[in-house]
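Given next are the chains, with one letter for each unit.
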Amino acid sequence: MNTWHGPHLSREPHRQLSLNAFIYPAGHHEAAWRHPESQPERLYQADYYQQIARTAEAAKLDAVFLADGPALSDNVAHNPAGRLEPITLLTAIAMATRHIGLIATASTTYYEPYNLARLFSSLDHLSSGRAGWNIVTTGTDLAAANFGLPAHPEHTVRYARAREFVDAAVALWDSWEDDAVLLDRDRGVYADVSKIHRVNHAGAHIRVRGPFNAPRSPQGRPVLVQAGASNEGRAFAGRYAEVIFTAHQRLVDAQAFYADIRQRASTFGRRPDDVKILPGISPFIAGTEEGARELEREFNELTVPEYGLIQLERLVGVSVNEVELDARVPASLFAGAGDVTDNARSRLQVVAGIVERERPTLRGLLHRLAGARGHRVFAGTPEQVADTIEDWFRNGAADGFNVMPPYYPGGLQVFTETVVPILRRRGLFRDDYTGTTLRDHLGLARPASQFAGLSQGAS
C-alpha cells in the first residue's frame, strides 16, 4: 500500500523514475569489504560484475555506472582502492546482458578526444546502443605524475579543455551521417564519401582533424553524463549533460539544484526535460526501521578512523587533526563553504551543513560520511525507502536516483527485490523495458548528426 503522504506535484502518469545501480566494487560504505555480506575476493573477476549487472537488469533498471580515476588512491592500506578499467569492464558486462545501460567515467584531462571517442563508440556498437560517458575533469592531482605532467591542471583550465574535448568528441561521432553507409554490393560502393566529414576542430586545448573511423553508433552518440556541482560544473552540465549525478542530504537543497540546472539548460536553448537529474541514495534496508539502523551500525563499527580522516580531508580540503575523535566538530572549520567555485567546495558545503545541523562528534561525522562520501544515506524499511524516493521525485528534486548499495552484491539484490516492486505498484517505475538502448530507457531522443544534409566530402 502507498503510505506516502507528503505534499506532491500533479501526478504525471507518463513520468517515471530513472534508476541506476552505481557499482562501487565492494559497496559504497567504506567498511563494506570487511563485512561478511561482501565479496572483496571477487573484485577483479568479470563474473562478479556480470552478476551485479544481471541483478540490475532483472529489475529493469536503466543502467549500471562505474566510477573511475587514473591513479591509485593513497588509502589502499585500509580499503580496496584499485579499479579495473571501466570501459573494458563494461564490454564484458555487455556480453552477459541485453538491455541494461552501461555508463563509464572517463577524464577529459587525461585522455585525447579521438581515442576516447573510439572507446565509447565501440562500446555503443558492441552493446547495441547502451553506452553512456560520465564526463569528469579529474578532481585529484595524484594522476598528473602518471601522465608525465608536473602538476594537475587548475580547475578553470580543466573545464576549458573539457568543453573543447566534448565538442570534438561529439563532432567525431557525428562525422558520418546516418545514411553514409550504402552497402551497395552491385556497384561495389560501401559508403557515400560526401556524407563523411572532417571535423577540423582547432582550439586552445584540443586539435582534431577527423573524420572518425567508424560510422555512427546505434544511439548516434553515447549518452552524456556529468557529476560536477561547482559553478563551472553546473554551467557545463546545463550546456552538455543529458544525465546529471549529484549529492544532496536534504530535499530543499536537491530542489534548488534541480531548478538551477533546468534553468541553465534553458539558457542554452535546451528543453529542461531532456536533462535527467539523479541524486545518489545509499539505502540500508531491513524489515523494521530499527533493524535497518542496526545494520548501519554494524557497518560503522567496522570503520577504520585513520581511513575516514584521510577521506574527510580529501573530500573537503579541511584538516581536522586538532579535533579529538569524541569531541564535537567545530563549525568554524567549515567557514569557507560559501562560494561553490569547485567540486571540492560543493562537497564542503554538504559536510558543513551536516556539522551545523547535527553538531556531531568527529567520530560521528566520520560514521555519517562513511556510507557514501557525502551522498544521502537512508536507513529504513522498503516502504520507507520507497517513500523518500517518491517524495524527492514528486517534489521537484529528482528525476530518479543513482542507487548506491552499502555492500555488493547483496545490497543491490535487497533493493531490487523489496523496494522496486513497491515503486512499480505505485506506477513510478517500469514493469519491463520498452526499448533497447540507454536513450530509450531514459526517454531521450536519438540526436541527429550535426553534419546531416551537408554535401561536401571528407577531403
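Quantities reported herein were computed from a predicted structural model and do not represent experimental measurements. As a convention, each chain's residues are numbered from 1 in the sequence order in which they are written. It should be noted that, the model being predicted, local features are given only for residues of pLDDT at least 70 and side-chain atom pairs only at 80 or more, the latter also being counted only at that level, while totals for whole chains, interfaces and linings use all residues. Water and hydrogen atoms were dropped before computing side-chain values, which therefore reflect all heavy atoms in the structure.

A word on the side chain of Gln311
Part 1: Looking at the secondary structure, you find Gln311 in helix H8 (residues 305–316).
Part 2: The contact partners of Gln311, leaving out residues within four places of it in the chain, are Asn75 and Arg373. Secondary structure elements follow DSSP: runs of H or I no shorter than four residues count as helices, runs of E no shorter than two count as strands, and numbering proceeds from the N terminus. The contact rule is simple, with two residues in contact once any of their heavy atoms fall within 4.5 Å.

As for the packing of helix H1 (residues 46–58) against helix H2 (residues 86–96)
Part 1: Lines are fitted to the C-alpha atoms to define the axes, a helix being fitted only along its stretch in contact, and any angle between axes, read from their N-to-C directions, falls within 0 to 180 degrees. Across the interface, H1 lies against H2 with an axial gap of 9 Å and an inter-helix angle of 55 degrees. On the basis of the axis angle, H1 is oblique to H2. Helix-helix and strand crossings are classified by hand; for H1 and H2 the assignment is right-handed. Note on element contacts: H2 touches H1 through Leu89, Ala92, Ile93 and Ala96, opposite Tyr49, Gln50, Ala53 and Arg54.
Part 2: Here the contact of H1 with H2 is composed, by residue class, of six nonpolar, one polar and one charged. In these notes the angle categories are as follows: under 35 degrees is roughly parallel, over 145 is roughly antiparallel, 65 to 115 is roughly perpendicular, and the rest is oblique. By the definition used in this description, the sense in which the near helix is turned from the far one sets the handedness, with an anticlockwise turn below a right angle giving left-handed and a clockwise turn giving right-handed. By the convention adopted, Pro, Cys, Tyr, Trp, Phe, Met, Ile, Leu, Val and Ala count as nonpolar, Lys, Arg, Asp and Glu as charged, and the other residues, Gly among them, as polar.

A look at the packing of aromatic side chains
Part 1: Only centres within 6.5 Å qualify two rings of Phe, Tyr or Trp (six-membered ring in Trp) as a pair; their planes then separate them into stacked at under 30 degrees, edge-to-face at over 60, and tilted for everything else. Inspection of the entire model under this criterion finds 14 aromatic pairs.
Part 2: Measuring from ring centre to ring centre gives 6.0 Å for Trp392 and Phe401, while their planes differ by 50 degrees; the resulting arrangement is tilted.
Part 3: Accessibility here uses a 1.4 Å probe with only protein chains present; expressed as a share of the type maximum, an area under 20% marks a residue as buried, one over 50% as exposed, and anything in between as partly exposed. On the accessibility criterion, Trp392 (3% relative accessible area) is buried.
Part 4: On the basis of relative accessibility, which here comes to 2%, the residue Phe401 falls in the buried class.
Part 5: A connected cluster of aromatic rings, assembled from ring pairs, spans Phe22, Tyr24, Phe65 and Phe245.
Part 6: Lying across the ring of Phe393, Arg15 places its NZ or CZ 3.9 Å from the centre. By definition here, charges over rings are those cases where NZ of Lys or CZ of Arg is within 6 Å of the ring centre and within 35 degrees of the ring normal.

Digging into unusual backbone geometry
Part 1: Note the cis peptide between Gly210 and Pro211, where omega equals 0 degrees.
Part 2: With respect to the secondary-structure elements, Pro211 resides in the loop between strand S8 (207–208) and strand S9 (223–226).
Part 3: With omega at 0 degrees, the peptide bond leading from Tyr408 into Pro409 counts as cis.
Part 4: Here Pro409 lies in the loop between strand S13 (400–403) and helix H12 (410–425).
Part 5: Phi is positive for Ser128, which is not a glycine, with a value near 60 degrees.
Part 6: For Ser128, the position within the fold is in the loop between helix H3 (113–126) and strand S4 (131–136).
Part 7: Non-glycine residue Arg359 carries a positive phi angle of around 50 degrees.
Part 8: Along the chain, Arg359 turns up in the loop between helix H9 (343–358) and helix H10 (362–370).
Part 9: With relative accessibility at 44%, the residue Arg359 sits in the partly exposed group.

Focus on helix H5 (residues 231–240)
Part 1: Across the ten residues that make up H5, a large majority, seven, are buried.
Part 2: When H5 is considered as a whole, its buried residues turn out to be Glu232, Gly233, Arg234, Phe236, Ala237, Gly238 and Tyr240.
Part 3: Buried residues along H5 sit against S4, helix H4 (155–174), S9, strand S10 (243–246) and helix H6 (251–267).

Brief notes about the confidence of the model for the chain
Part 1: Confidence in the prediction for the chain averages 91 pLDDT; 93% of positions are at 70 or higher.
Part 2: Counted against residues more than four places away or in other chains, residues 1–13, with its pLDDT under 50, gives 23 contacts. Confidence of the predictor in every single residue is expressed as pLDDT, which spans 0 to 100.

Points about the environment of Ala162
Part 1: With respect to the helices and strands, Ala162 occurs in helix H4.
Part 2: Placed 27 residues apart in sequence, Ala162 and Ile135 show a C-alpha to C-alpha distance of 8.3 Å.
Part 3: Not counting chain neighbours up to four residues away, the residues in contact with Ala162 comprise Thr108, Thr137 and Phe236.

Some words on the pairing of S10
Part 1: Residues Val243 and Phe245 of S10 are buried on one face, and the alternating residues Ile244 and Thr246, pointing to the opposite face, are buried as well.
Part 2: Judged from the two bridges that link them, S9 and S10 form a sheet pairing that is parallel. For Gln226, the partnering residue across the bridge sits in S10 and is Ile244.
Part 3: The path from the first strand over the helix to the second decides the hand: if it runs clockwise while the strands point away from the viewer, the crossover is right-handed. With H5 bridging S9 and its parallel neighbour S10, the resulting β-α-β unit is right-handed.
Part 4: Strand pairing is assigned whenever DSSP detects at least two bridges linking the two strands. Of the pairings in the sheet, the one linking S10 to strand S11 (residues 276–285) comprises four bridges and is parallel in character. When the sheet's bridge partners are listed, Phe245 is paired in S11 with Leu278.

So, the environment of Asp440
Part 1: Tracing the sequence through the fold places Asp440 in helix H13 (residues 438–442).
Part 2: Distance and chemistry together define a polar contact, namely a pair of N or O atoms within 3.5 Å, with one atom able to donate a hydrogen and the other to accept it when in protein, and with adjacent residues in sequence counting only for side-chain atoms on both sides. Only 2.9 Å separates the side chain of Asp440 from the backbone nitrogen of Thr436, close enough to count as a polar contact.

Re the nonpolar core
Part 1: Nonpolar cores were defined as sets of buried Ala, Val, Leu, Ile, Met, Phe, Trp, Tyr and Cys residues, with membership established by side-chain atoms within 4.5 Å. With 100 residues, the main nonpolar core has Leu19, Leu61 and Trp133 as its most contacted residues.
Part 2: Ranked by residue count, the leading element in this core is H4, at ten residues.
Part 3: Among all residues touching Trp133, those that are not within four sequence positions of it are Ala104, Ala106, Thr108, Leu116, Phe120, Phe165, Val166, Ala169, Trp173, Val223, Leu224 and Val225.
Part 4: Judged by nonpolar contacts, the second largest core, of 18 residues, contains Leu315, Val316, Val329 and Leu362.

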